[in-house]
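A closer look at the structure
Okay, here's what each chain looks like letter by letter:
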Amino acid sequence: MSSTLYLASLVFLALAPMTIAVPVEQDTFTATKQCVELEVSVPVNVTTYDYNIPRVDSNIDAAHWTVNYTTWSARDDTLARDKKVLVNSTFAINAQLCVPPNGAPKADILQIATQGRGFDKRYWDVEIRPEEYSYLDAAINKGYSVLTFDMIGTGKSSKPNAYTTIQLEVEVEILAALTELARNGNLIKSSKVLSATSDEVAVTNFQPSQVVHIGHSYGSFVMAGMLQKYGSISDGAILTGFYLTNQLGTIDVGHFNHEFARDHDPQRFGAYESGYIVLTSESTLQELFLRKDGFEPELLTYLEAIKQPEGVGLYPSGDSAMLLPADDFTGPVMFFAGEFDYPGCHGDCRGIYNETLSRGLFPSAIDPKPYLQPNTGHAMTFATNASAGYEVIMHYLDCHGL
């Protein structure tokens, strides 16, 4: 997760005690999810920036980009926002809406999930023993509806310019647009239906009464940016892999190995053009996302199989963004992290949560709650105790009428 100028200006503030929520078992609604895969056309009109970063067209370029981006003397020039770019485009977003059967207790509450860098929507729906690892299944089994989607540059969604289009400002607008479509009951009717588990799902005019946003890592950062601009669009927020501490931003991209996506794996990533990078190996993925003795080896192999490229424009747009208070967001917000989140907390999140910082970002929120999932790294959905973490999230939402 990238740091921001606003976050960096506050990390010196006094640290507040960490609070650990105690999960309480809820009744589980045994459900078979009904899903529809959609191609959603999302128009975006927003200003981005042409940052001063090297082009990446080979593995050698990828290594040079990493060094250049993390060199202290290049930072001010790299992050300069004086060269503006108008992005006025319509993106094809691959999304999946899943609903429980009729009669589910919370079917009218929609969770919209946004994953972090290096993943597509499969982050939320792990295919290995989904009864243990799939967040989507866990939410469906509590009676919720769930919308997941591939962010631009990943999965089956559009793969635009990696320098000036794959940026935070664009991702924020896409998330807001998807939310508005869902809220207004126009998501399915305005999309191309690619597949469905039943005809009933494909033709349903689904319109939720409430919307909860959940994010992971950079996806949580996109959520925070959206709530800053459109705070009233959400009824509740769960930010995972996003823990507000004095260690925020101390682990940067220089700690991990990337290669040019097309050179790294031409068969998988041959459609990716200049500026798309990808993490190199299972070892790098383990360092970034997992905690030893807190994951099963087959999950690491699966993680390697589903990893996704990243556009280099994500990095400067996140690092130079001024994340201001989300004054209009008045729902509950939870900050959920693995106890030993390496990129988020430099390896140890215990005792360093900054309550002052969380209140500064969400001044109108109800019950801002920090939570650490034991023996877990950066990616909660791949941890051996993932399902226990899901119970904590669902209980927190339930306590706030969501």
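To start, this report covers the structure provided alongside it. Note that the coordinates shown come from a computational prediction; the quantities given were computed from them, not determined experimentally. (Residues numbered from 1 in each chain as written. Predicted model: local features only at pLDDT ≥ 70, side-chain atom pairs only at ≥ 80, totals over all residues. Heavy atoms only, no water.)

**Brief notes about the packing of aromatic side chains**
Applying the stated criterion to the full structure yields 22 aromatic pairs. Connected via pairs of aromatic rings, a cluster forms that spans Phe 119, Tyr 123, Trp 124, Tyr 135, Phe 289, Tyr 302, Phe 382 and Tyr 390. For Arg 291, the ring lying beneath its charged end belongs to Phe 340, and the centroid distance is 3.8 Å. (Phe/Tyr/Trp six-rings, centres within 6.5 Å; stacked < 30°, edge-to-face > 60°. Lys NZ or Arg CZ within 6 Å of the ring centre and 35° of its normal.)

**A closer look at the state of the cysteines**
Scanning the model with the defined rule gives 2 disulfides in all. Covalently, Cys 35 is tied to Cys 98 through a disulfide, its sulfur atoms 2.0 Å apart. Handedness here is read from the sign of the S-S torsion; for Cys 35 and Cys 98, about 110°, the answer is right-handed. Taken together, the residues span a long stretch of sequence, with Cys 35 in strand S1 (residues 34-49) and Cys 98 in strand S2 (residues 84-99) at a distance of 63 residues. Accessibility expressed as a relative area gives 8% for Cys 35, which makes it buried. Taken in sequence order, the bonded cysteines of the protein link in the pattern 1-2, 3-4. (Disulfide = S-S within 2.5 Å. Helix = DSSP H or I, 4+ residues; strand = E, 2+ residues; numbered from the N terminus. Buried < 20%, exposed > 50% of the residue type's maximum accessible area, 1.4 Å probe, protein only.)

**Regarding helix H2 (residues 59-70)**
An α-helical segment advances 3.6 residues per turn. Residues three or four places apart therefore align on the same side. In this model H2 runs 17 Å from its N-terminal to its C-terminal C-alpha over 12 residues, within 8% of the 16 Å that 1.5 Å per residue would give. Residues Ala 62, Trp 65, Thr 66 and Tyr 69 constitute the buried set of H2. Along the long axis of H2, the arc covered by the buried residues comes to 100°, so they all point the same way. What points out from H2, more than 90 degrees from its buried face, is the exposed set Ile 60 and Val 67. The secondary structure elements touched by the buried residues of H2 are helix H3 (75-78), strand S8 (258-260), strand S9 (276-279) and helix H13 (314-319). Where H2 begins, the side chain of Ser 58 points an oxygen toward the backbone nitrogen of Ile 60, at a separation of 3.4 Å. (Expected span 1.5 Å × (residues − 1). Arc of directions from axis to C-beta. Contact = heavy atoms within 4.5 Å. Polar contact = N/O pair within 3.5 Å; in protein donor to acceptor, adjacent residues only side chain to side chain.)

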